Amino acid sequence: MKTATATAHSNIALVKYWGKRADVDRNLNLPAVGSLSMTLDGLRTVTTVAEASEDAFVLDGAQAGGKPEQKVFAFLDRLWASAHDTPRPRCAVTSVNHLPTAAGLASSASGFAALATAGASAFELDMSLPTLSQWARMGSGSAARSIYGGFVRLDAGTAEDGSDCVARPLPGVEDWPLRLVVVQTTRGSKPVGSTEGMQASRDTSPYYQAWVDTSIPDLDAAQAAIEARDLPRLGGIVEHSCFKMHACMMATVPPIMYWKPASLAVIQTVWAARQEGVHGYVTMDAGPHVKILCLADDAESIAARCRAVPGVEEVNLCAPGPGASVEVSA
Ligand code: DP6
């Protein structure tokens, strides 16, 4: 095998993924809903996979044991076995997250996109980008989107084997100066992880089916708004998708409530700015941080307003970013 170092950038869903298909092989990690995202610059994971005398996973300079390590090597086992009958060579996996402390963005998207890309090259598997994206998805649903830069649409598909659950890049980001203002409202880890939260919502939230049923129209509408470079239209869909997802989360038993008082205060600040003609559109994921989609010209003004909100810890600006890349050495 080779030594391969991959870089993958984080992404933020504009149309959200929350929920997995129940009727299929769980290892495929197939989403119940499609999603549409923007890949971000600056926020990235760099991962090296190299042959070693024993398996070891070093994350941000420290030996990572337990579940993260198990997930990484279970993933590499399956990746290797997809093309070989022989036992997988032992591997040293080194991963560094370049996520500003304020980002509050999950590293699983960039993490599994980087691992899939580095692993495939290290094992000398000649994979197309759609195939790489499907492998990244098996690690984490949102990672499927981080294989590509700019806007990315991931359709849920209906096939048993997940063959039509494929991410694809959408044109539009090159000539549209968008920014994402990332507002961190608290520090520390999230109370309920995405994977377990999604399962609980599927099992108990009375709004889950409505959430699933309205996903495809949201995806199509968001794609059309991107094609038209229509930010108010896109922003309306972004907020609707976000609040539907959070309504579904909150109606889960027991409730999944990611919001902090400062999250709501930031949302209201962004909406007040909109009344004054500064157009930002909010979204939130499985955590209390608020991310605001806006034009580059409005980003500083929105960031300044958010910094003034009590409870806000830090604010960062992100531009659209590129797809995953890899360097291979002997
Ligand atoms: C709320 O991709 O972290 O950020 O597939 O279980 O690893 P797994 O889930 P993950 O979920 C992301 C959920 C979200 C919305 C999104 O990114 O689309």
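> Looking at this model, I keep getting lost on the nonpolar core. Mind explaining?
Considering soluble globular proteins, one finds that nonpolar side chains tend to be buried as a cluster. Core analysis: the largest hydrophobic core is formed by 40 residues, its most contacted members being F75, L76, L79, V93, L115 and F123. Of all the secondary structure elements, the ones that give two or more residues to this core are strand 1 (3-15), helix 1 (66-81), strand 5 (91-98), helix 2 (108-122), helix 3 (129-139) and strand 6 (151-154). Broken down by element, this core gets its largest block of residues, 8 residues, from helix 2. Setting aside residues up to four positions removed in sequence, F123 forms contacts with M1, L76, L79, W80, H84, R88 and C91. Among the nonpolar cores identified, the runner-up in size contains 25 residues, and L36, L170, V182 and I237 belong to it.

> Got a minute to help me understand the domain arrangement of the protein in this structure?
One frequently used descriptor of interface size is the decrease in accessible area upon assembly of the parts. Assigned domains within the protein: domain 1 (3-172) and domain 2 (178-318). Using C-alpha coordinates to define each centre, domain 1 is positioned 23 Å away from domain 2. Taken together, the contacts link 35 residues of domain 1 with 44 residues of domain 2. A buried area of about 3100 Å², summed over both sides, lies between domain 1 and domain 2, and 67% of it is on carbon and sulfur atoms. When the shortest N-O distance is used, the salt bridge between K16 and D285 registers 2.7 Å. Connecting domain 1 to domain 2 are 9 residue pairs in polar contact (both at pLDDT 80 or more). Of all the secondary-structure elements, those providing two or more residues to the side of domain 1 that touches domain 2 are strand 1, strand 2 (35-51), strand 6 and strand 7 (167-170). Looking at which element gives the most residues to the side of domain 1 that touches domain 2, the answer is strand 2, with 6 residues.

Parameters and conventions
Along each chain, residues carry numbers from 1 onward, in the same order as the chain's sequence is written. Side-chain atom pairs in this predicted model are given and counted only at pLDDT of 80 or more, local residue features only at pLDDT of at least 70, and totals for whole chains, interfaces and linings cover all residues. With hydrogens and water stripped out, all remaining heavy atoms of the structure feed into the side-chain values. Only buried residues count toward a nonpolar core, which is a set of Ala, Val, Leu, Ile, Met, Phe, Trp, Tyr and Cys residues joined through side-chain atoms within 4.5 Å. In this scheme, a residue with accessible area under 20% of its type's maximum is buried, one over 50% is exposed, and one in between is partly exposed, where area comes from a 1.4 Å probe on protein chains only. Helix and strand definitions here come from DSSP, where helices need a minimum of 4 consecutive H or I residues and strands a minimum of 2 consecutive E residues; each element is numbered from the N-terminal end. In this analysis, two residues are considered to be in contact whenever any of their non-hydrogen atoms come within 4.5 Å of each other. Domain start and end points were adopted from an automatic or database domain assignment. Two parts placed together each lose some accessible area under a 1.4 Å probe, and the buried area is that loss summed for both. Between Lys or Arg on one side and Asp or Glu on the other, a salt bridge is scored when a side-chain nitrogen of the former is within 4 Å of a carboxyl oxygen of the latter. Two N or O atoms form a polar contact when they lie within 3.5 Å of each other; inside protein one atom must be a possible hydrogen donor and the other a possible acceptor, and for residues adjacent in sequence the pair counts only when both atoms belong to side chains.

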